[in-house]
Amino acid sequence: VTAPEALVATNDQVAYGRLGAQSLADQLGGKGKVLYMRGIDGVPADTDRDTGFMEVMSKYPDIELKTVWSGWDFTKAADIATQEFTASDYDGVWTSGADYTVFNGIEAAGKEAVPVIGADTNKFIADLLAGKPGAAVTNPAVIGGVGTAIALDKLAGGSPDQTTLLTPDVWDLANDK
C-alpha cells in the first residue's frame, strides 16, 4: 500500500521467514536437506517470508533446499510431503503456514518425523506440544485489534503512525520446556 493517506498495520513477514529459517538451521546444526514449502507465488507475504528465509539460508551453504509450492493449502501440503518423503529423505521442512498436515504426510510416507517449522495454528502447536520436532513462528492474530485501535485513534483526531509493524516470535516448544 503506497497511498500517502493509507494507514498500514501488518505482521513483519520478512522477520517471520528469518526467524523460522534460523530456528530450522539451528535444529539441523547448519546442515542437511530441507523441503522448502512456500505459499503462493507472487503474494507479498510469501515473497517477504522468502526474503527473510533466504537471508538466513545464505549463511548455511551445507543446507540443501528443494522448493515446492503448497498454495497455503493443508491438503496439498500433506500430499506434497507424502510424495517428497516417499521419493527422498529430508532432514527438515520449512512451511509457509500449511504445517500440521506435513507431519501426516511424513508419517504416510513411512518416515520418522523431522523438524517442521510452521505457523501458530492450533493443531500444529498441539503436535509440537506432543513432542513432534520443530517450531512455530507466530503470525500475531492481534493485528485485527491493532487495526481497529489505529482506526479509532484516527477517527478521534489522533495521528497514528502511518505504518505499524508487528514482529513475530518463535515458539520452540521442545527446547523451551
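Residues numbered from 1 in each chain as written. Predicted model: local features only at pLDDT ≥ 70, side-chain atom pairs only at ≥ 80, totals over all residues. Heavy atoms only, no water.

Caption draft 1: Layout of unusual backbone geometry. In the Ramachandran plot, Trp72 falls in the positive-phi region, its phi being about 55° despite a non-glycine side chain. Structurally, Trp72 can be placed in the loop between β3 (63-69) and α3 (74-87). Judged by relative accessible area, Trp72 falls into the partly exposed class, the value being 25%. (Helix = DSSP H or I, 4+ residues; strand = E, 2+ residues; numbered from the N terminus. Buried < 20%, exposed > 50% of the residue type's maximum accessible area, 1.4 Å probe, protein only.)

Caption draft 2: Quick peek at helix α1 (residues 13-27). Helix length check: α1 (15 residues) gives 21 Å between terminal C-alpha atoms against 21 Å at 1.5 Å per residue, within 8%. Every buried residue of α1 is accounted for by Gln13, Val14, Ala15, Tyr16, Gly17, Gly20, Ala21, Ser23, Leu24 and Ala25. Residue Asp12 occupies the N-cap position of α1, its side-chain oxygen lying 3.2 Å from the main-chain nitrogen of Val14. (Expected span 1.5 Å × (residues − 1). Polar contact = N/O pair within 3.5 Å; in protein donor to acceptor, adjacent residues only side chain to side chain.)

Caption draft 3: How the structure looks around the environment of Phe103. Looking at the secondary structure, you find Phe103 in helix α4 (residues 100-108). Under the relative-accessibility criterion, Phe103 is labelled buried at 3%. Along the backbone, Phe103 and Ala15 are 88 residues apart, and their C-alpha atoms lie at a distance of 24 Å. Contacts of Phe103, omitting those with residues within four sequence positions, involve Ala113, Val114, Val116, Phe124, Asp127, Leu128, Lys132 and Pro133. (Contact = heavy atoms within 4.5 Å.)

Caption draft 4: Fine view of the packing of aromatic side chains. This structure, assessed with the given rule, holds 7 aromatic pairs. Relative to Phe53, the ring of Tyr36 has its centre 4.0 Å away and its plane inclined at 10°; by these criteria the two rings are stacked. A residue pair is termed long-range when its members are at least 10 positions apart, and Tyr36 in strand β2 (residues 32-38) and Phe53 in helix α2 (residues 44-57) qualify at 17 residues. As far as burial versus exposure is concerned, Tyr36 and Phe53 are alike and both buried. Between the aromatic rings of Phe53 and Trp94, the centroid separation amounts to 5.1 Å while the plane-to-plane angle is 50°, which identifies the pairing as tilted. With Phe53 in helix α2 and Trp94 in strand β4 (residues 92-95), this pair connects stretches of sequence that are 41 residues apart. (Phe/Tyr/Trp six-rings, centres within 6.5 Å; stacked < 30°, edge-to-face > 60°.)

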